[in-house]
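# Structural characterization, general
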Amino acid sequence: MSVAIQLPSNAAGSKLDDILQNSLSDGIEHRVDEDPMIVWDKGVFLNELHKQGIVLSTSNDGAIDGGLEGNTGFKKGTYKGTQMALTEIYSLIEEAAAAHFDSKGFESIIPRKRDLTQKQDIYQWSDPFVDGYPPHLQTIPQDKQQGAPGVGLIFDLNELNFVTTISQVFSFIIPRSISDKGTPYEGPTLADCEKYNDEHPSPNTDIMEGKNLGNMADWYSDARFAAQHLSGVNPTTIETAPPEKVKAYANEAGKQGLESTKNLLLEGKDLLIQDYSYFREATGVSNEEAFMNAVPELDETRHPTGKTANRYACASVIIFQLHSDGQIHPLAITLDYRGSLDKSVTIFNRRLTPDDKTDVDEKNDWPWRYAKTCAQTADWARHEIAVHLVDTHLIEEAIIVATNRTIPDEHLLYEILSPHWFRTLPLNAAARAVLVPLVIARISGLGVDPVTKRNRAYNMVDWSYKNFNFQEKYIPNDLKKRGFKLETETGSKYCNYPYATDMYLLWGVIRDFVKAVLGTKYKSDRDVQEDPYISDWCNEIQTKGQITTFPTITTVDQLVDAVTMCIHIASPQHTAVNYLQDYYYSFVPAKPPALCTPLPTDLATLQAYTEKELTNALPIGTEGPKWKDWLLAAQLPELLSFKVEAKYNLITYAKSLYNVNKDRTNPNAQAVKGAAERFYSQLKDLSLAFDYVSACQTEGSIPYRVLQPELTAVSILI
């Protein structure tokens, strides 16, 4: 039907009439198919869930009973539509978590008056033997867990029903089959995946403006591979190679007849290591076993058919050399360390320096590219499970619970720490319910423990938590322990390690701020020793929180360091290991979570590898559940990498603290105002300094802006 509109008879009206007559007619002038979907309208999305039967079932009184009305979910979908749906459903899960945490007083939208006894009733510890996670907030009080069904909020179900229900909703969003045409995984070659990646940029929602590593023509190169260990998502575990390890690799090079490599290693100059060999100890896999995760095939009712597709992990070891000009170069890779190099497959780089040229160029050196891919899967597991999940999310949650149980709300310690907890508790609850069991455990190749019948990802979570050393992770201690002596290095050796420089400076600025604020109450070590809340706090973290390396605080310096660390974990450390994930992970071949084919068992087999063997090992193509591997591997980083809103960054925190105290006349408020003013000014200085540090990297390096104060989140909020 046409729309007739009478307009004034002037030039402007005539032009408008032409536009409206063309657009508001029966014809279609603007093609909706040409406007790519970025996000689902929430109302339309919820209606579609309802149509598909993906709705929570209820009992006669209207309370949620823990099930779903449907039992099949989507039958067929598109890659893009499924990707957006997963984002939307996870957003709904987080909203449900936040609503529950407000209603229960765990994280109230409006502050509530409560004494310490009331807080101890609210903030109770979980039992690690029950849910398999390290100590965290018990989201449902023990006396309510076996009671009546919930009262309308999904988190009011008992823990088992909650996880099961959410799991169904999340997994039912993923259709049984998908249209493979025009998808990032279609392939069949790496070049095809690169072409799709370049032609289909991601939304500009992260700090890298929708770009990813796959947009770089040399994404597979030694330079890009090595740089990630200094400025990628995990710049925190590379360290000086121990002499005994270096000697073992020199001997192995000699056995392979590589005298130049052997001599280079024996010189031992600035050799670094990324050592994932502890994976076997951490997960309970013997040296004789392979890491393997059997992914079950599901029938139309989403029940296992008995068929599986196997995914493989590995405990790699990488040896690098750091050159005086800052370039880092990989020299050797053990695919899967099995107790000794004699029992493992180790390959050495044909190129001994960044400028070396050999008879085979990097792009076509398929055995070496395969080895780098193995190492990337190992780093994916270490990063997602240990460096990111445990070392930030779970450690900080233990701090939050312990502080709430031992420190009154009006205490200075609570005041300085609590702004750095925003969203963390509900976010962690959602992650434990969905991201860990349905994404990380599913797409990693760690497999199921035959004794506990749980995915070995949980074993690695437990091991990582127990081996987290709180005081050794203080940034000055951590860098020194790993062999990076920033205080004494005057050359360019560390120019490509911006994480180290930025974090060292940021630690100092945060520590100065903490010291100034705490100095309003603690003038001497005796003041610390006479505060009973401090000793209770330490004991709670060490015992109930099971962070045994947390200090027993008796001095002002110890208190300042511990509080600095608590803020560091929640703010800059989590920012550094979280917000670059979409850039480095969304082009899945650059860093896959697992391999789709078994690893070669001898060097001769590896040396015969071509592009075909590498492609087969990647989630490229339409075979079996490869498309789900790619979807989940690419979706996880997108969920976690949205740019920090201005109201949640460190700059806003400093400004806010200054402004609430600036007109108060009491000495303590004036001292806090001064501390906040200086903190703000130093953060602005660091913004300029970090730009300079990034610019000092080797030409062509990827800019490192993740720790810019205006991009640094005040808390673990995503």
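Note that the structure is a prediction, hence the values are computed from the model and not measured. Residue numbers run consecutively from 1 along every chain, following the written order of its sequence. Residues qualify for local features only when their pLDDT is at least 70, as the model is predicted, and side-chain atom pairs are given and counted only at 80 or more; totals for whole chains, interfaces and linings, by contrast, use all residues. To obtain the side-chain values, all non-hydrogen atoms of the structure were included, while hydrogens and water were left out.

### Focus: the overall build of the protein chain
In terms of helices and strands, the protein chain carries 26 helices and eleven strands. Remark: exposure states derive from per-residue accessible area (1.4 Å probe, protein chains only) relative to the maximum for the residue type, with buried under 20%, exposed over 50%, and partly exposed in between. Expressed as a percentage of the 718 residues in the protein chain, the buried residues total 55%. Put simply, 73% of the contacts in the protein chain that link residues at least 6 apart link residues at least 24 apart. Note that accessible areas follow from Shrake-Rupley with a 1.4 Å probe, and for residues the cover is restricted to the protein chains shown. When the accessible surface of the protein chain is summed, it comes to about 31000 Å², and 52% of that surface belongs to carbon and sulfur atoms. Strands are runs of DSSP state E lasting at least 2 residues, helices are runs of H or I lasting at least 4, and numbering of each runs from the N terminus. Here, two residues are considered to be in contact whenever any of their heavy atoms come within 4.5 Å of each other.

### Regarding the pattern of salt bridges
Once their charged atoms are close, side chains differing in charge can pair, the charge on each being opposite to the other. Each salt bridge in this description consists of a side-chain nitrogen of Lys or Arg and a carboxyl oxygen of Asp or Glu lying within 4 Å of one another. The full count for this structure, using the stated rule, is 31 salt bridges. Measuring nitrogen to oxygen at the nearest pair gives 2.7 Å for the salt bridge that ties lysine 255 to aspartate 342. Residue lysine 255 is located in helix H9 (residues 243-255), and its partner aspartate 342 is located in the loop between strand S10 (328-334) and strand S11 (346-348); the two are separated by 87 residues in the primary sequence. Residue class for lysine 255 comes out exposed when judged on its relative accessible area of 56%. When the shortest N-O distance is used, the salt bridge between glutamate 289 and arginine 456 registers 3.7 Å. Remark: arginine 456 occurs in helix H15 (residues 456-466) and glutamate 289 occurs in the loop between helix H11 (279-283) and strand S7 (292-298); sequence separation between them is 167 residues. Exposure remark for glutamate 289: the relative accessible area of 31% places this residue in the partly exposed category. Given a relative accessible area of 5%, arginine 456 falls into the buried group.

### Points about the packing of aromatic side chains
In this scheme Phe, Tyr and Trp rings, the latter by its six-membered ring, pair at centre separations within 6.5 Å, and the angle between planes marks the pair as stacked below 30 degrees, edge-to-face above 60, and tilted otherwise. In total, this model carries 24 aromatic pairs according to the counting rule given. Both rings, one in tyrosine 474 and one in tryptophan 507, keep their centres 5.6 Å apart while their planes meet at 35°; by these two values the pair is tilted. Of this pair, tyrosine 474 sits in the loop between H15 and helix H16 (475-481) while tryptophan 507 sits in helix H17 (residues 498-518), placing them 33 residues apart in sequence. Accessibility assignment for this pair places tyrosine 474 and tryptophan 507 in one class, buried. Measuring from centroid to centroid gives 6.4 Å for phenylalanine 587 and tryptophan 630, while their planes differ by 85°, and the two rings are edge-to-face. Remark: tryptophan 630 occurs in helix H24 (residues 626-640) and phenylalanine 587 occurs in the loop between helix H21 (581-585) and helix H22 (603-607); sequence separation between them is 43 residues.

### Considerations on helix H10 (residues 259-267)
For H10, every residue scored as buried is listed here: Thr261, Leu264 and Leu265. Looking down the long axis of H10, one finds its buried residues gathered within 95° of arc, a one-sided arrangement. What points out from H10, more than 90 degrees from its buried face, is the exposed set Leu266 and Glu267. Of the surrounding elements, those touching the buried residues of H10 are H9, strand S6 (271-275), strand S9 (317-322), S10 and S11. Of the residues trailing H10, glycine 268 is marked for its positive phi of about 65°. The arc under discussion is defined with respect to the helix axis, by the directions toward the C-beta atoms.

### Quick notes on the packing of H17 against helix H26 (residues 667-695)
For helices, the axis comes from a line fit to the C-alpha atoms of the stretch in contact; other axes are also lines fit to C-alpha atoms, and the angle between any two N-to-C directions lies between 0 and 180 degrees. The N-to-C vectors of H17 and H26 enclose an angle of 175°; their axes lie 9 Å apart at closest approach. As far as their axial angle goes, H26 and H17 are roughly antiparallel. Residue-level inspection shows Pro498, Thr501, Asp502, Leu505, Leu506, Val509, Ile510, Asp512, Phe513, Ala516 and Val517 of H17 in contact with H26, the latter providing Val672, Ala675, Ala676, Arg678, Phe679, Gln682, Leu683, Leu686, Phe690 and Val693. Lys, Arg, Asp and Glu make up the charged group, whereas Ala, Val, Leu, Ile, Met, Phe, Trp, Tyr, Cys and Pro make up the nonpolar group; the residues left over, Gly among them, are polar. In the contact of H17 with H26, the residues fall into 16 nonpolar, two polar and three charged. Comment on the angle field: the value is read as roughly parallel under 35 degrees, roughly antiparallel over 145, roughly perpendicular from 65 to 115, and oblique elsewhere.

### Brief notes about the nonpolar core
Inside soluble globular proteins, nonpolar side chains tend to come together where they are buried. Within the largest apolar cluster, 174 residues are counted, with the highest numbers of intra-cluster contacts made by Tyr370, Phe470, Trp537, Phe550, Leu559 and Val563. Among the elements that make up this core, the one with the highest residue count is helix H12 (residues 366-406) (20 residues). The residues touching valine 563, leaving out its near neighbours within four places in the chain, are Leu413, Ile416, Leu417, Val514, Leu518 and Trp537. Take the buried residues of types Ala, Val, Leu, Ile, Met, Phe, Trp, Tyr and Cys, join any two whose side-chain atoms come within 4.5 Å, and each joined set is a nonpolar core. The next biggest cluster of nonpolar side chains, apart from the first, holds 17 residues, and it includes Ala253, Leu265, Val317 and Ala332.

### Considering the pairing of S6
Along S6, five of the five residues are buried, which leaves the element largely enclosed by surrounding structure. Taking every second residue as pointing to the same face, both faces of S6 are buried, with Leu271, Ile273 and Asp275 on one and Leu272 and Gln274 on the other. For two strands to pair, DSSP has to find at least two bridges joining them. Note that strand S5 (residues 239-240) and S6 share two bridges and pair antiparallel. Bridged to threonine 240 within S6 is leucine 272.

### Focus on the confidence of the model for the protein chain
Note: predicted coordinates in regions of low pLDDT should not be interpreted at a detailed level. The predictor's confidence in any single residue is recorded as pLDDT, a number from 0 to 100. On average, residues of the protein chain score 88 in pLDDT, and 86% of them reach the 70 mark or higher. Predicted confidence is poor over residues 1-5, with pLDDT under 50, and the contacts of this stretch with residues over four places away or in other chains come to nine contacts. Across residues 143-164 the pLDDT falls below 50, and counting only partners more than four positions away or on other chains, this stretch makes 44 contacts in the model.

### Things to note about the packing of helix H14 (residues 424-443) against H24
At a closest axis distance of 10 Å, the pairing of H14 and H24 adopts a crossing angle of 130°. Regarding the angle of H14 to H24, the classification is oblique. By crossing handedness, the relation of H14 to H24 is classed as left-handed. Contact with H14, carried on its side by Leu435, Leu438, Val439, Ile440, Arg442 and Ile443, involves Lys628, Asp629, Leu632, Ala633, Leu636, Leu639 and Leu640 of H24 and no other residues of that element. Residue composition of the contact of H14 with H24, grouped by class: ten nonpolar, no polar and three charged. Two helices cross in a left-handed way if the nearer one is turned anticlockwise from the farther one by less than a right angle. They cross in a right-handed way if the turn is clockwise.

### Focus: the environment of glutamine 708
Topologically, glutamine 708 is positioned in the segment after H26. A relative accessible area of 1% means that glutamine 708 is categorised as buried. A C-alpha to C-alpha distance of 8.1 Å links glutamine 708 and aspartate 691, two positions 17 residues apart in sequence. With near-sequence residues (within four places) excluded, glutamine 708 lies in contact with Ser687, Phe690 and Asp691.

### Considerations on the sheet that holds S11
If you trace the five strands from one edge of the open sheet to the other, you get S5-S6-S9-S10-S11, paired in antiparallel fashion. Only two strands of the sheet have a single partner each, and these edge strands are S5 and S11. Of the pairings in the sheet, the one linking S6 to S9 comprises five bridges and is antiparallel in character. Bridge pairing in S9 links leucine 271 to glutamine 321. Across the face of the sheet, H9 comes into contact with S6, S9, S10 and S11 while running at roughly 80° to S11.

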